[in-house]
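Fold and geometry: a report
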There are 2 protein chains.
Amino acid sequence: MNIGNYQLRDREESFINLNPLQTGGRTTPDARKAIISYIDGYSICDWCKGALHITTEPDIAGFLIDVSDFLGMDYALPTNGCREAKYGVMHAISKGGSILCDANMHYSSEISAERAGLKVYKVPNNGEPEYKVNPLDYAEKIEDIKKETGSYPDLVLLTHVDGEYGNLVDPKQVGKICKDYSVPFLLNTAYSSGRMEIKGKKLGADFIACSGHKSWASGGGNIGILAISEEWEEKIFKGGTNWKSKPIEILGCSSRGSSLMAMMASFPYVKERVKRWDEEVKKARYLVEELTKIDINPLGESPKNHDLIKIDTPVYDKIARGHKKKGYFLYYELKDRGIIGMKPGRTKRFKISTYGLSWDQVKYVAESFLEIGGD
Amino acid sequence: MNIGNYQLRDREESFINLNPLQTGGRTTPDARKAIISYIDGYSICDWCKGALHITTEPDIAGFLIDVSDFLGMDYALPTNGCREAKYGVMHAISKGGSILCDANMHYSSEISAERAGLKVYKVPNNGEPEYKVNPLDYAEKIEDIKKETGSYPDLVLLTHVDGEYGNLVDPKQVGKICKDYSVPFLLNTAYSSGRMEIKGKKLGADFIACSGHKSWASGGGNIGILAISEEWEEKIFKGGTNWKSKPIEILGCSSRGSSLMAMMASFPYVKERVKRWDEEVKKARYLVEELTKIDINPLGESPKNHDLIKIDTPVYDKIARGHKKKGYFLYYELKDRGIIGMKPGRTKRFKISTYGLSWDQVKYVAESFLEIGGD
């Protein structure tokens, strides 16, 4: 069906969706109700007290206290998304020096750093097939930067779980190194917080960036969280010179509508679901184990510690070469089986996610992949 | 009714809403359908081509061409909102110098300028009761800045229609002055584009910032537009060094969900409604004329050229002093009559908007205000 020129979308409603960008953001029924109820612009400003983060009807102020507790941090602000949280920190911190990141970082980290005038250095991964980042390598790289530029980096960033391989890196070790060198530490949790439990200060993080629409079941209006430790409040959450209540790094008020309400409505579910994280990892490991029965090679760390699965799939590539639909055959074969969420046309390497699927669905997905592979 | 801890919202559905923040953003039925259909996170990324603005399913790329035509500009990108569009320009342009704005500018313009490292200078208004900004004063102020700092400002900003008095300032004269001094010109159209027709380049604007949720019937997920003239494409829409397709000033991809779809779904209606702008102004003028039958004084320019009405209301203030509900009486009196959208507790001075109301509704609002005032 079309609205004007635009086709209506049908994914979660009718399919098993494996798109890693989308599985952790899948809305809860309460988030959907909240979005529909607060659907108009500036809907959360009905009872404005002068700024978004101090609003109490709806209780955004209370929610932000709960969220910073949940993340094991001291203060939190809503942002337009995870990248906007990262940029906010980088912009406030930047002295025009450098930032040390992991090689698996999301492109938006690199773009944010460039926008904030920071030169990007990278801790490498160990390449095919695992692409693992060793957190201990941060120390050596910090020393290298000091040697090259005369200064320590302005900031260190670690991608807690990367969006390419779903590798989980231990932030504690990076946190310790950052403390040793007195360099502030930003943990990008786009694929972790909201899925698994995170206690940021215990990990040594000064700043935590979160993605509402990637991992907090928060719907499609952009929303993220920036949580910080107390000592950084004045620098990162500073208000305008003439607008004290308006934090500069979120341009005063970030989410001006339903997206924040969606995150608030889903939050009770998110707090519960992180307790079931081990089960989510089991599902991913099960699927990988099943898939390797045919000519499919998992990429990223083994065993997996996350639901994002990247696989190298010679089995489908071989079929595609002889198929009249070419690379698109896999997309259609899966769609016929009610499975969706992979990039159409891809048969050599692709990413999927089992997050939030039932065991029955995971088993069905495994069977479907094997069946299409000719097992 | 509550969702978890949060009360469901009921405004447009059951009331005549006069909140100036909300009347121009009121969703169309098609926008509501689009939001519900694309309710999940990253829902517009199903057919990603590498960046938001080049996506063709849904046809974001085509929409952006239509929008820049509609605004009389050359290129457009979606932003997280109007303030984010303004900040994007300021950040890209800033040499750490100054920006010349009008005294009626929105706080977010000032916060954005501060974040971009620009010192803010202001063209004053003429004070009570009209608060008018004379566009010709920009020339003198530019000279003053040159004298004081040794340089012309990095950027000039004009608030086309301000959010405090609803005053409309002629951008053409500011555009001419900017051209004379070779200073780039940013026109903030948060309260104008989407309501009235704007042809930016004809007005001499280099950049146009638009608010989806304030004036484009685009719903509550943050959304705005930044439209520019051709000569600025390289500077303002520049991609990342290692991510050429990802514009730095929107951190690669801005709206990652339903908010952009809502704007796209409403766009055919917006294109039509700007043709009926004269009628909207007539409604505002009618209401002001009616209200001044009792002890109410309009603020801002007279006659009005916009639906945003600010009034000084001794009549209600006098009643409030003797009323058991004090300042809140007016809010409840109006709510009892099915009218909502003013700040509860305000009786001395407040803002309302007639945008999008039928003539019957405007007349009913006028009668209600007069009745409550004891006419």
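This structure is a prediction, so every number in the text was calculated from the model and none was measured.

How each quantity is defined
- Residues numbered from 1 in each chain as written.
- Chains lettered and ligands numbered in written order.
- Predicted model: local features only at pLDDT ≥ 70, side-chain atom pairs only at ≥ 80, totals over all residues.
- Heavy atoms only, no water.
- Phe/Tyr/Trp six-rings, centres within 6.5 Å; stacked < 30°, edge-to-face > 60°.
- Helix = DSSP H or I, 4+ residues; strand = E, 2+ residues; numbered from the N terminus.
- Buried < 20%, exposed > 50% of the residue type's maximum accessible area, 1.4 Å probe, protein only.
- Lys NZ or Arg CZ within 6 Å of the ring centre and 35° of its normal.
- Domains from an automatic or database assignment.
- Contact = heavy atoms within 4.5 Å.
- Buried area = accessible area lost by both parts, 1.4 Å probe.
- Salt bridge = Lys/Arg side-chain N within 4 Å of Asp/Glu carboxyl O.
- Polar contact = N/O pair within 3.5 Å; in protein donor to acceptor, adjacent residues only side chain to side chain.
- Nonpolar A, V, L, I, M, F, W, Y, C, P; charged D, E, K, R; others polar.
- Axes fitted to C-alpha atoms, helices over the stretch in contact; angles between N-to-C directions.
- Parallel < 35°, antiparallel > 145°, perpendicular 65-115°, else oblique.
- Left-handed = near helix turned anticlockwise from the far one by under 90°.
- Pairing = 2+ DSSP bridges.
- Least-squares fit on C-alpha atoms with pLDDT ≥ 70 in both.
- Right-handed = clockwise from strand over helix to strand, strands pointing away.

By convention here, two paired aromatic rings are described through the distance between centres and the angle between planes. Enumeration over the complete set of coordinates arrives at 31 aromatic pairs over all chains. Residues Trp277(A) and Tyr355(A) carry aromatic rings whose centres are separated by 6.2 Å and whose planes lie at 35° to one another, so their mutual orientation is tilted. Note that Trp277(A) is positioned in helix α10 (residues 277–291) and Tyr355(A) in the loop between β14 (349–353) and α13 (359–372), a separation of 78 residues in sequence. By the burial criterion, Trp277(A) is buried, and Tyr355(A) matches it. Ring pairing ties together the aromatic residues Phe63(A), Phe70(A), Trp216(A) and Phe267(A), which thus form one cluster. Between the NZ or CZ atom of Arg195(B) and the centre of the ring of Tyr355(B), over which it lies, the distance is 4.8 Å.

Residues and elements named next belong to chain A. Annotation of chain A at the domain level lists domain 1 (29–273) and domain 2 (276–372). On a C-alpha basis, the centres of domain 1 and domain 2 stand 30 Å from each other. Taken together, the contact between domain 1 and domain 2 spans 19 residues of the former and 17 residues of the latter. Summed over both sides, the interface between domain 1 and domain 2 buries roughly 1600 Å², with carbon and sulfur atoms accounting for 45% of that surface. Among the residues domain 1 hides against domain 2, the three largest losses belong to Glu164, Arg195 and Arg273. Together they make up 33% of the total. Our enumeration of links across domain 1 and domain 2 arrives at four salt bridges. Measuring nitrogen to oxygen at the nearest pair gives 2.8 Å for the salt bridge that ties arginine 195 to aspartate 307. Viewed at the interface, domain 2 and domain 1 are joined by 13 residue pairs in polar contact (both at pLDDT 80 or more). Of the residues belonging to the side of domain 1 that touches domain 2, the class tally is seven nonpolar, four polar and eight charged.

On to the pattern of salt bridges. A side chain of one charge can pair with a side chain of the opposite charge if their charged atoms are brought near each other. Enumeration according to the criterion identifies 48 salt bridges over all chains in this entry. Where Glu164(B) meets Lys310(B), a salt bridge forms, and the shortest distance between an N and an O atom there is 2.5 Å. Of this pair, Glu164(B) sits in the loop between β7 (155–159) and α6 (171–181) while Lys310(B) sits in strand β12 (residues 308–312), and the two are 146 residues apart along the sequence. Sharing partners across several salt bridges, the network here consists of Arg9(A), Arg11(A) and Asp46(B).

All names here are of chain B. Between helix α2 (residues 60–70) and helix α9 (residues 258–273), the shortest axis-to-axis distance is 11 Å and the interhelical angle comes to 40°. Taken together, the axis directions place α2 and α9 in an arrangement best described as oblique. As for the relative orientation of α2 and α9, their crossing is left-handed in sense. Side by side, α2 and α9 meet where Ile60, Phe63, Asp66, Val67 and Phe70 of the first sit next to Leu260, Met263, Met264, Phe267, Val270 and Lys271 of the second.

Further remarks concern the environment of Lys283(A). Residues and elements named next belong to chain A. The topology assignment puts lysine 283 in helix α10. Sequence spacing of lysine 283 and serine 358 is 75 residues, and the spatial spacing of their C-alpha atoms is 8.7 Å. Among the polar contacts made by the side chain of lysine 283, one reaches the side chain of glutamate 280 at a distance of 3.2 Å.

Here we take up the sheet that holds strand β10 (residues 224–228) of chain A. Residues and elements named next belong to chain A. Strand order in the open sheet formed by seven strands is β4-β10-β9-β8-β7-β5-β6, and the pairing between neighbours is mixed. The sheet is open, and its two borders are formed by β4 (75–79) and β6 (119–123), each paired with just one other strand. The average angle at which neighbouring strand axes cross in this sheet is 20°, direction not considered. Here strand β7 (residues 155–159) runs beside strand β8 (residues 185–188); their pairing, made up of four bridges, is parallel.

This paragraph deals with unusual backbone geometry. Going from Ser302(A) to Pro303(A), the amide bond is cis rather than trans, its omega being 0°. Structurally, Pro303(A) can be placed in the loop between β11 (297–299) and β12 (308–312). In the Ramachandran plot, Tyr42(B) falls in the positive-phi region, its phi being about 55° despite a non-glycine side chain. By the element assignment, Tyr42(B) lies in the loop between α1 (29–37) and α2. Judged by its relative accessible area of 6%, Tyr42(B) falls in the buried class.

So, on to the relation of the copies chain A and chain B. Two copies of one chain are present, and they are related through a rotation about an axis combined with an axial shift. Superposing chain A onto chain B requires a rotation of 180° together with a translation of 0.0 Å along the rotation axis, leaving an RMSD of 0.0 Å. In short, the pair behaves as if placed about a two-fold rotation axis. Among all C-alpha atoms of chain A, that of Gly221(A) lies closest to the rotation axis, at 2.1 Å. Interface residue correspondence from chain A to chain B reaches 100%, placing this contact among same-surface, isologous pairings.

This part covers the environment of Pro124(B). All names here are of chain B. Tracing the backbone shows proline 124 in the loop between β6 (119–123) and α5 (137–149). By relative accessible area, which is 43% here, proline 124 ends up partly exposed. Distance from proline 124 to phenylalanine 267, taken between C-alpha atoms, is 35 Å for residues 143 residues apart in sequence. Setting aside residues no more than four positions away along its own chain, proline 124 makes contact with Ala103, Lys132, Val133 and Lys141.

The next subject is the pairing of strand β5 (residues 98–102) of chain B. Residues and elements named next belong to chain B. Among the five residues in β5, five count as buried, and that is most of the element. With burial as the criterion, each face of β5 is covered, one bearing Ser98, Leu100 and Asp102 and the other bearing Ile99 and Cys101. The sheet contact formed by β5 and β6 spans five bridges and is parallel. Directly across from isoleucine 99, in β6, lies its bridge partner valine 120. As a crossover connection, the stretch from β5 through helix α4 (residues 107–115) into β6 is right-handed. Pairing analysis gives two bridges linking β5 to β7, with the strands arranged parallel. In the strand pairing of β7, isoleucine 99 is matched with leucine 155.

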